[in-house]
Amino acid sequence: MEHRIERFVKGDSQLIRLKPESDLLETLNNLVERVGIEVGVISGIGSVGPVNIGYYDFNKKEYRKNHFKGIYELVSLMGNISVKDNKPFCHCHIVIGDKDGKVYGGHLLPGTIVKVGEFHIDVLKGTPPERIFDVTTGLHLWNLKL
Amino acid sequence: MEHRIERFVKGDSQLIRLKPESDLLETLNNLVERVGIEVGVISGIGSVGPVNIGYYDFNKKEYRKNHFKGIYELVSLMGNISVKDNKPFCHCHIVIGDKDGKVYGGHLLPGTIVKVGEFHIDVLKGTPPERIFDVTTGLHLWNLKL
Amino acid sequence: MEHRIERFVKGDSQLIRLKPESDLLETLNNLVERVGIEVGVISGIGSVGPVNIGYYDFNKKEYRKNHFKGIYELVSLMGNISVKDNKPFCHCHIVIGDKDGKVYGGHLLPGTIVKVGEFHIDVLKGTPPERIFDVTTGLHLWNLKL
């Protein structure tokens, strides 16, 4: 089949303000673990900098890291929460914008620092997808059978 | 009035993993038809390539197609599901990012191929908006009277 | 603490079609005030132009405005609704795309004009966050104590 679709019941919503100078990805990961959100959808806007953005190289099977100095608008953060290594895990992609409105984006990596941030978690209820190592891609993908 | 707003009750949520090498837009359209989701909101992240992105030219009343070779991060997919020609129909916009974090974006067209993809559908309940041909723009717009 | 998280119960969803030539931000702000949505999450896609995009300069404590002439795909609008000066207030960031798929983005400012627009508001229920002037940043931030 071309896809696997899994139904979840909606839970609560969470609005989140992050502290200036915190690491965006680490803080989101700590937060979902502490609050116990194992499956959900994340979105958010704010300001960030410096920023580390990843691009997955399917040949080398590793992320190439692009580093951006300075402060940027966090134009969009979009991602999801599932379980990896028995812990809640946030997988997020971001778009950032500079002073002229030029934008950059990719996979959110550690080392991206929050200036101000307003985030939303759409909490879902059901058996959380687990991320399992996939030999073909080298990525940890959801255990939703295709 | 400057807007038309229509209320829906929240339904379930669906998490979706798409098969590598499937056509992103066609697969989403097949999926919502098969599962019977007539109104909802879609978001997602992943990797895609090659990619076809559209820009709507209001003078020519047609999409200009931009083709991107290679593999890109799917930085964001944002869209909605409503009814067109008596079938569920996905209208999506995407942002893609290259190996240096440079980004491109616009209207998702057929011919955009999934490498890996994690999507969320926020299913809504209520009378689905229908897309009706609008002579002024040449687009199929929601039949929510303005 | 590195973050403050606040729980909300999900309300209804609203799908919105905006009238051509209306001001995107002003119309969204009028709409949430008229309908009485004090807390929620907004997303949307469409076409816009001309466009005013802001970049917040933390040194000058003001937005730098970038103006874009012509018509663009509204590739993504992502934002939230909370309360500022006792009124519902929309804070949105946008990505726009030109005829070649090149993209720009940042904080949505007045003067951004809708050509066609399809938006979704995820209405939340609970005590709305209020925006309070923050001396350190010069911004009006949520009164969620850190």
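## A look at the relation of the copies chain B and chain C
With an RMSD of 0.0 Å, the fit of chain B onto chain C corresponds to turning through 120 degrees and sliding 0.0 Å along the axis. Here the copies are linked by what is in effect a three-fold axis. Proximity to the rotation axis, assessed at the C-alpha, singles out Val103(B) in chain B; its C-alpha lies 3.9 Å from the axis. Residue by residue, only 11% of the interface of chain B is reproduced at the interface of chain C, so the copies engage with different surfaces.

## Concerning the interface of chain B and chain C
Across the contact, 36 residues belong to chain B and 33 residues belong to chain C. Secondary-structure elements contributing two or more residues to the side of chain B that touches chain C are strand E1 (3–18), strand E3 (51–57), strand E4 (62–68), strand E5 (72–84), strand E6 (87–97), strand E7 (103–108) and strand E10 (140–142) of chain B. For the side of chain B that touches chain C, the element with the most residues is E1(B), which contributes eight residues. When its residues are assigned to classes, the side of chain B that touches chain C shows 19 nonpolar, 11 polar and six charged. Direction of pairing for E1(B) relative to strand E1 (residues 3–18) of chain C: antiparallel, over a ladder of six bridges.

## Description of the interface of chain A and chain C
At the interface, 33 residues of chain A touch 36 residues of chain C. Only strand E1 (3–18), helix H1 (24–35), strand E2 (40–48), strand E5 (72–84), strand E6 (87–97) and strand E8 (114–125) of chain A provide two or more residues apiece to the side of chain A that touches chain C. When residues of the side of chain A that touches chain C are assigned to their parent elements, the largest contribution, eight residues, is made by E1(A). Looking at side-chain class alone, the side of chain A that touches chain C contains 11 nonpolar, 11 polar and 11 charged residues.

## Describing the confidence of the model for chain A
Of all residues in chain A, 97% have pLDDT values of 70 or greater, and the mean over the chain is 95. Our summary of model confidence lists the complex with pTM equal to 0.97 and ipTM equal to 0.96.

## Quick notes on the pairing of E5(B)
Residues and elements named next belong to chain B. The element E5 is largely enclosed, with a buried count of 11 among its 13 residues. Pairing geometry for strand E2 (residues 40–48) and E5, over eight bridges, is antiparallel. Counterpart to Val 41 in the pairing with E5 is Asn 80. Alignment of E5 against E6, held across 11 bridges, turns out to be antiparallel. Bridge pairing links Leu 77 to Ile 94 in E6. Adjacent in sequence and paired antiparallel, E5 and E6 are bridged by two residues, among which Asp 85 carries a positive phi angle near 50 degrees.

## Structural notes on the environment of Gly11(A)
All names here are of chain A. Relative to the helices and strands, Gly 11 resides in strand E1. Each C-alpha atom, one on Gly 11 and one on Val 39, is 9.9 Å from the other, the two residues being 28 residues apart in sequence. Setting aside anything within four residues of it in sequence, one finds Gly 11 in contact with Val 123, Leu 124 and Lys 125.

## Quick notes on helix H1 (residues 24–35) of chain C
Residue and element names in this part refer to chain C. Between its first and last C-alpha, H1 extends 16 Å over 12 residues, near the 16 Å set by a 1.5 Å rise per residue. Residues of H1 that are buried include every one of Leu 24, Leu 25, Thr 27, Leu 28, Leu 31 and Val 32, and no others. With its buried residues spanning 165 degrees around the axis, H1 presents them on a single face. The positive-phi residue at the C-terminal boundary of H1 is Gly 36, with phi of around 85 degrees.

## What about the relation of the copies chain A and chain C?
Between the two copies of the chain lies a relationship made up of a rotation around an axis and a movement along it. Rotating chain A by 120 degrees about the axis while translating it 0.0 Å along that axis superimposes it on chain C, leaving an RMSD of 0.0 Å. A low fraction, 12%, of the interface residues of chain A reappear at the interface in chain C, so the copies pair through non-equivalent surfaces.

## Examining the pairing of E1(A)
In the sheet, E1(A) pairs with E8(A) via eight bridges, with the strands oriented antiparallel. If you follow Leu18(A) over to E8(A), its bridge partner there is Gly117(A).

## A closer look at unusual backbone geometry
In this model, Gly49(B) is joined to Pro50(B) through a cis peptide bond whose omega is -5 degrees. Along the polypeptide, Pro50(B) turns up in the loop between E2 and E3. Of note, the phi angle at Lys61(A) is positive, near 55 degrees, even though the residue is not glycine. For Lys61(A), the location among the structural elements is in the loop between strand E3 (51–57) and strand E4 (62–68).

## So, the nonpolar core
Among the nonpolar cores identified, the biggest contains 123 residues, and Ile96(A), Ile96(B) and Ile96(C) are the most heavily contacted of them. When sequence neighbours within four positions are dropped, the list of residues in contact with Ile96(A) reads Val48(A), Val51(A), Phe68(A), Tyr72(A), Glu73(A), Leu74(A), Val75(A), Val103(A), Tyr104(A) and Gly105(A).

The rules behind these values
Residues numbered from 1 in each chain as written. Chains lettered and ligands numbered in written order. Predicted model: local features only at pLDDT ≥ 70, side-chain atom pairs only at ≥ 80, totals over all residues. Least-squares fit on C-alpha atoms with pLDDT ≥ 70 in both. Contact = placed C-beta atoms within 7 Å. Helix = DSSP H or I, 4+ residues; strand = E, 2+ residues; numbered from the N terminus. Nonpolar A, V, L, I, M, F, W, Y, C, P; charged D, E, K, R; others polar. Pairing = 2+ DSSP bridges. pLDDT = per-residue confidence, 0-100. Buried ≥ 20, exposed ≤ 12 C-beta atoms within 10 Å, placed from the backbone. Expected span 1.5 Å × (residues − 1). Arc of directions from axis to C-beta. Core = buried A, V, L, I, M, F, W, Y, C linked by C-beta atoms within 7 Å.

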